Amino acid sequence: MVSVSEFISEEKYLFDSVANGYMSKYFFVPVGSEKDGLKELLVQKGDEVKEGQVIAKGRFENVHSPVPGIVSDIFVGDYGDGKQGLIIKIMLSGAFSITGKKHDKIDWKIYDSSSLAFMLRDAGIENTFKKAEPIYKQIKEISEKESKVLVIRLFDEDPERCTDSFVTRKFSQKIYGGAAILARAIEATAVVFAYEKSFKPDESVLGEYFDSDAKLFFVPIDVKKYPFGTMHDLVSSIKKHKSCRNPIFEKLGAKDFFVDSVTLASIYDAIVFEKPLIDRYIHVNGASLNVTGILNLKIGTLISSVVEQFGGFKEPPARIIINGIVTGLAATGLNVPISKNVKSITFLPQEQVAPQHTEICIRCGRCRKICPVNLWPGNIYRAAHSENEEPDVLKISLLCSECGLCNAVCPSRIPLCQTIALVKEKIKE
Ligand code: SF4
Ligand code: SF4
């Protein structure tokens, strides 16, 4: 484990407010690629759309127009994570029907589990606990399981990001409500709140939301030592905690349901206010900017217009990182849109960017020493690139929690974590 002070910036908990993003003239809404299960397009060039209107429909989720406007183009373009896919370009025009309007609360307790699941599909909710996935698909997958545990992470797994922690503190009622709704949707047997020690959920308030048979558990997490927030870390902390000495947790793992705070907030908005997923809370930061903060940004906003809102650059960025400097990915440029999986954008100037050229492995053993699950990442990397099949070495990569620590210490700058993640995907396929 590594001290978080190696990653953390002083600003982490200084935010107590969120501003709405400016409205630019155009929005570029990612629809997905064929590999992600391309959605059926419901609009064409020239169509008028309302804010929140379904513009593409998929088996597991819908995509909505984030603003009222006119569809001015549909094309294949770059997403922030380096992937490509269809983008619907919308020119802003007309009146807003969701943003800035007061909406009546709906009593969600009248809905049963399957109605809630369909409503979450229709509202386009994605679970961003790890890699963003349609929540409806995950609800379907867990439905076969007899004993279902819902694990809620109330903080960010990346030490440099503070989006989930901010949403937890600022909108705790939405988090409690979203947790209760999701618990009902999956018919959870147990719900575990994994919280950072300084912010325990209020058990007396939670009682107002939970009236199901699900048992509630509370597990404090030490967020001073990294890694602490991957699924592996949470499973290990829960199993060790005295309040969780319960047979329910014996087989806790990938087949259970793990969710983050921002997803719970969007679940609450979707069910209680019938608001589809058209915007996101995003932590915008980095030494290239003059100011940093949390914005509520419409899906489809270009990163370049976020920079404009922050008054431009103090220093041009050498790298733009989506979702945190330890676990995130580099964006391909400023002209990529915010998609449903974005939680933070970090702009790093040249002096904070390590040289990127990779060297050969010098077998220094640092990756092996730091790996919290005792793997030898360098060895797996070599096996992945070897011509001789080494199935046993590769199979062991399934234990990797993708914490990114091996990347951080490798003097040869070898993309160990990314390679192991690809190996894992291949094995699962
Ligand atoms: S192999 Fe790397 S990314 Fe995976 S758990 Fe070990 S240190 Fe973390
Ligand atoms: S840290 Fe990098 S150079 Fe050192 S053994 Fe691991 S892969 Fe090789």
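Predicted, not measured: the structure shown is a model, and the values here were computed from it.

Definitions and limits used
Residues numbered from 1 in each chain as written. Chains lettered and ligands numbered in written order. Predicted model: local features only at pLDDT ≥ 70, side-chain atom pairs only at ≥ 80, totals over all residues. Heavy atoms only, no water. Phe/Tyr/Trp six-rings, centres within 6.5 Å; stacked < 30°, edge-to-face > 60°. Helix = DSSP H or I, 4+ residues; strand = E, 2+ residues; numbered from the N terminus. Lys NZ or Arg CZ within 6 Å of the ring centre and 35° of its normal. Near = heavy atom within 4 Å. Nonpolar A, V, L, I, M, F, W, Y, C, P; charged D, E, K, R; others polar. Core = buried A, V, L, I, M, F, W, Y, C linked by side-chain atoms within 4.5 Å. Buried < 20%, exposed > 50% of the residue type's maximum accessible area, 1.4 Å probe, protein only. Domains from an automatic or database assignment. Contact = heavy atoms within 4.5 Å. Pairing = 2+ DSSP bridges. Expected span 1.5 Å × (residues − 1). Buried area = accessible area lost by both parts, 1.4 Å probe. Salt bridge = Lys/Arg side-chain N within 4 Å of Asp/Glu carboxyl O. Axes fitted to C-alpha atoms, helices over the stretch in contact; angles between N-to-C directions. Parallel < 35°, antiparallel > 145°, perpendicular 65-115°, else oblique. Left-handed = near helix turned anticlockwise from the far one by under 90°.

Our focus in this paragraph is the packing of aromatic side chains. The geometry of an aromatic ring pair is captured by the separation of the ring centres together with the interplanar angle, meaning the angle of the planes. Using the criterion set out here, one finds 14 aromatic pairs in the structure. Aromatic pair Phe-60 and Tyr-136: ring centres 6.5 Å apart, planes at 40°, arrangement tilted. On the criterion of sequence distance, the pair formed by Phe-60 in the loop between strand 6 (54–57) and strand 7 (62–64) and Tyr-136 in helix 2 (residues 135–142) is long-range, its members being 76 residues apart. Between the NZ or CZ atom of Lys-137 and the centre of the ring of Phe-60, over which it lies, the distance is 5.9 Å. Geometry around Phe-218 places Lys-200 over its ring, the cationic atom sitting 5.1 Å from the centre.

Attention shifts here to the site of ligand 2. Taken together, Cys-361, Ile-362, Arg-363, Cys-364, Gly-365, Cys-367, Gly-378, Cys-410, Pro-411, Ser-412 and Leu-416 make up the full set of residues adjacent to ligand 2. Residues belonging to the shell around ligand 2 are distributed by class as follows: seven nonpolar, three polar and one charged.

What follows is about the nonpolar core. Judged by nonpolar contacts, the single largest core of 49 residues is most densely connected at Leu-150 and Leu-182. At nine residues, helix 4 (residues 172–186) tops the list of elements feeding residues into this core. In terms of domain composition, this core takes at least three residues from each of domain 1 (19–94 + 276–351) and domain 2 (108–272). Aside from chain neighbours lying at most four places away, what touches Leu-182 is Ile-135, Ile-139, Leu-150, Phe-257, Val-259, Leu-264 and Ile-267. Counting 25 residues, the second largest nonpolar core, distinct from the first, contains Val-149, Phe-155, Leu-234 and Cys-403.

Looking now at the sheet that holds strand 3 (residues 26–32). Working definition: the strands of a sheet are paired by backbone hydrogen bonds and lie parallel or antiparallel to each other. One open sheet holds the four strands; their spatial order is 3-9-8-5, and the pairing between them is antiparallel. For this open sheet the edge positions go to strand 3 and strand 5 (48–49), each flanked by a neighbour on one side alone. Note that strand 8 (residues 69–78) and strand 9 (residues 84–92) share nine bridges and pair antiparallel. Residue Asp-73 lies in a different strand from strand 9, and its bridge partner there is Lys-89.

Between the first and last C-alpha of helix 4 there are 21 Å, a value that for 15 residues agrees with the 21 Å anticipated at 1.5 Å per step. Looking at the residues trailing helix 4, positive phi occurs at Glu-187, about 55°.

Once that is clear, we can look at the domain arrangement of the protein chain. A common way to state how big an interface is: give the accessible area lost once the parts meet. Along its sequence, the protein chain is carved into domain 1 (19–94 + 276–351), domain 2 (108–272) and domain 3 (366–428). One C-alpha centre belongs to domain 2, the other to domain 3, and the line joining them spans 29 Å. Taken together, the contact between domain 2 and domain 3 spans six residues of the former and eleven residues of the latter. Note on domain 2 versus domain 3: buried area summed over both sides is about 600 Å², and carbon and sulfur give 58% of it. Along the contact surface separating domain 2 from domain 3 lie two salt bridges.

For ligand 1, the full set of nearby residues is Cys-371, Pro-372, Val-373, Pro-377, Cys-400, Ser-401, Glu-402, Cys-403, Gly-404, Cys-406, Cys-417 and Ile-420. A class-by-class count of the residues in the shell around ligand 1 yields nine nonpolar, two polar and one charged.

What follows covers the sheet that holds strand 21 (residues 344–349). Read across the open sheet, the six strands follow the order 2-18-17-21-19-20; overall the sheet is mixed. Looking at strand neighbours, the two that pair on one side only are strand 2 (19–20) and strand 20 (329–330), the edges of this open sheet. Two strands pair when backbone bridges link them, and strand 17 (residues 279–285) and strand 18 (residues 293–298) are joined in this way by six bridges, in the antiparallel orientation. Among the inter-strand pairings, Ile-282 is bridged to a residue of strand 18, identified as Leu-295.

Here the focus is the packing of helix 10 (residues 377–384) against helix 13 (residues 416–428). Running from N to C, helix 10 and helix 13 point in directions that differ by 55°, and their axes come no closer than 10 Å. Here helix 10 lies oblique to helix 13, going by the angle between them. Classified by chirality, the crossing of helix 13 by helix 10 is left-handed. Facing helix 10, whose interface residues are Pro-377, Gly-378, Ile-380, Tyr-381 and Ala-384, helix 13 presents Leu-416, Thr-419, Ile-420 and Val-423. Along the lines of polarity and charge, the residues of the contact of helix 10 with helix 13 split into seven nonpolar, two polar and no charged.

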